[in-house]
Amino acid sequence: MEQDVKPVRTLMGRLPHGADLLEALTDLAHREGVKLAHIEALGAVKRARVGYFNQTKRVYGHLDFPHAMEILNLTGNVSLKDGEPFVHAHVTLADESGHAFGGHLVPGTIIFACEFVLHVFDGEALERKSDKRTGLALWDPDP
Ligand code: ZN
């Protein structure tokens, strides 16, 4: 499945020091009334928590990095879940020796500094619904 979307605006800015990264992005989407968007960001975190989906057990495991790391890249999108703006983002992080780790962004990643670009689109709303085959909340789930 796919659909045409039309770029309507681009927001650039900085997220607050000490805020939770996923919550700050979700707050931004709510505040700006964003329903369809692509997110890019970079910066640094004080600590990080990411998820890894176990496809056999169909549950997320979590990885904690309780130290400062660089955000090499954050890529995400905004769509709707239960009628509300929902941020899905993945991050690549690097430690002091340059080793990279990453995963599905979950609450518990705390911002040291973060610069974002939010590309907002106009188009038919994409709504996340429970997908039987994967156990994930996906766009246009398999019947
Ligand atoms: Zn994910």
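Check the entry above for the structure.
Residues numbered from 1 in each chain as written. Predicted model: local features only at pLDDT ≥ 70, side-chain atom pairs only at ≥ 80, totals over all residues. Heavy atoms only, no water.

A. Up close: the environment of glycine 108. In this structure, glycine 108 sits in the loop between β6 (100–105) and β7 (110–122). A relative accessible area of 18% places glycine 108 in the buried class. When the C-alpha positions of glycine 108 and proline 141 are compared, they lie 28 Å apart, and in sequence the two are 33 residues distant. When residues no more than four places from it in sequence are discounted, the contact partners of glycine 108 are Asp20, Arg47, Ala48 and Arg49. (Helix = DSSP H or I, 4+ residues; strand = E, 2+ residues; numbered from the N terminus. Buried < 20%, exposed > 50% of the residue type's maximum accessible area, 1.4 Å probe, protein only. Contact = heavy atoms within 4.5 Å.)

B. Here's a closer look at the pattern of salt bridges. Counted under the stated rule, the structure contains two salt bridges. Put simply, glutamate 32 and arginine 9 hold a salt bridge, and the shortest N to O gap is 2.8 Å. Highlighted residues: glutamate 32 in the loop between α1 (21–31) and β2 (37–54) and arginine 9 in strand β1 (residues 6–15), separated in sequence by 23 residues. Given a relative accessible area of 29%, glutamate 32 falls into the partly exposed group. Put simply, arginine 49 and aspartate 64 hold a salt bridge, and the shortest N to O gap is 2.8 Å. Of this pair, arginine 49 sits in strand β2 while aspartate 64 sits in strand β3 (residues 59–65), and the two are 15 residues apart along the sequence. Using a relative accessible area of 27% as the deciding quantity, one classes arginine 49 as partly exposed. Exposure remark for aspartate 64: the relative accessible area of 47% places this residue in the partly exposed category. (Salt bridge = Lys/Arg side-chain N within 4 Å of Asp/Glu carboxyl O.)

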